[in-house]
Amino acid sequence: MNNYAFTMQLSVRDYECDLQGIVNNSVYQNYLEHVRHEYIKSIGINFKDYAMKGINFVVLRVELDYKFPLSSGDTFWVGINMYKASELKIGFQQDIFRLNDNKPVLKGKVLATALNTRGRPEIPSEVKEYFEA
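These figures come from a predicted structure and were not determined experimentally.

J.: Explanation requested: the overall build of the protein chain in the structure shown.
T.: Secondary structure summary: the protein chain contains 3 helices and 5 strands in total. Counted from the first residue to the last, the protein chain has its helices and strands arranged as β-α-α-β-β-β-β-α. Looking at the protein chain as a whole, 37% of its 133 residues qualify as buried. Counted over contacts in the protein chain with a minimum sequence separation of 6, partners at least 24 positions apart contribute 65%. Just so you have it, the protein chain exposes about 7900 Å², and 47% of that area is on carbon and sulfur atoms.

Listed below in structure tokens is the structure:
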């Protein structure tokens with residue numbers, strides 16, 4: 001857990017499971033998004049404030065490697081690191097582990113950017129400063 005800038009614990013809810021009794025593959029993206037947003041808030045970036053200024057953060061690409069399924073009642077933790085993928089892209093490395101045994105569940109990579117009112121990429125200076133710190 002120490003190799004991540006931020007970690008968060010969550011629990012599987014029954015309605016997230018499919019007929020096989022395991023978490024539906026699309027639900028993992030919800031877990032990752034929730035933790036990304038909580039992490040971003042924890043470092044002082046407020047999506048709503050930026051949206052009010054006409055700058056919207058958007059996901060460009062998601063890569064997920066499923067390792068082991070979660071099922072109803074499982075608790076798990078998500079670790080996240082943010083990095084500068086390019087001048088106009090923000091990268092997030094996110095991994096999910098089952099809590100009771102730290103079994104790897106998913107390895108994920110998310111690329112994002114921020115778009116201004118003209119629809120052009122524009123990474124806010126405060127976000128750029130995060131990478132320079």
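Don't stop here, the text continues.
J.: Mind showing me how you'd approach the side chain of Q94 here?
T.: Along the chain, Q94 turns up in strand β4 (residues 89-98). The exposure class assigned to Q94 is buried, which follows from its relative accessible area of 0%. In terms of polar contacts, Q94 uses its side chain to reach the backbone carbonyl oxygen of L32, at 3.0 Å. Among the polar contacts made by the side chain of Q94, one reaches the side chain of R36 at a distance of 3.0 Å.

The rules behind the values
- Residues numbered from 1 in each chain as written.
- Predicted model: local features only at pLDDT ≥ 70, side-chain atom pairs only at ≥ 80, totals over all residues.
- Heavy atoms only, no water.
- Helix = DSSP H or I, 4+ residues; strand = E, 2+ residues; numbered from the N terminus.
- Buried < 20%, exposed > 50% of the residue type's maximum accessible area, 1.4 Å probe, protein only.
- Contact = heavy atoms within 4.5 Å.
- Areas by Shrake-Rupley, 256 points an atom, 1.4 Å probe, with all protein chains shown as cover.
- Polar contact = N/O pair within 3.5 Å; in protein donor to acceptor, adjacent residues only side chain to side chain.

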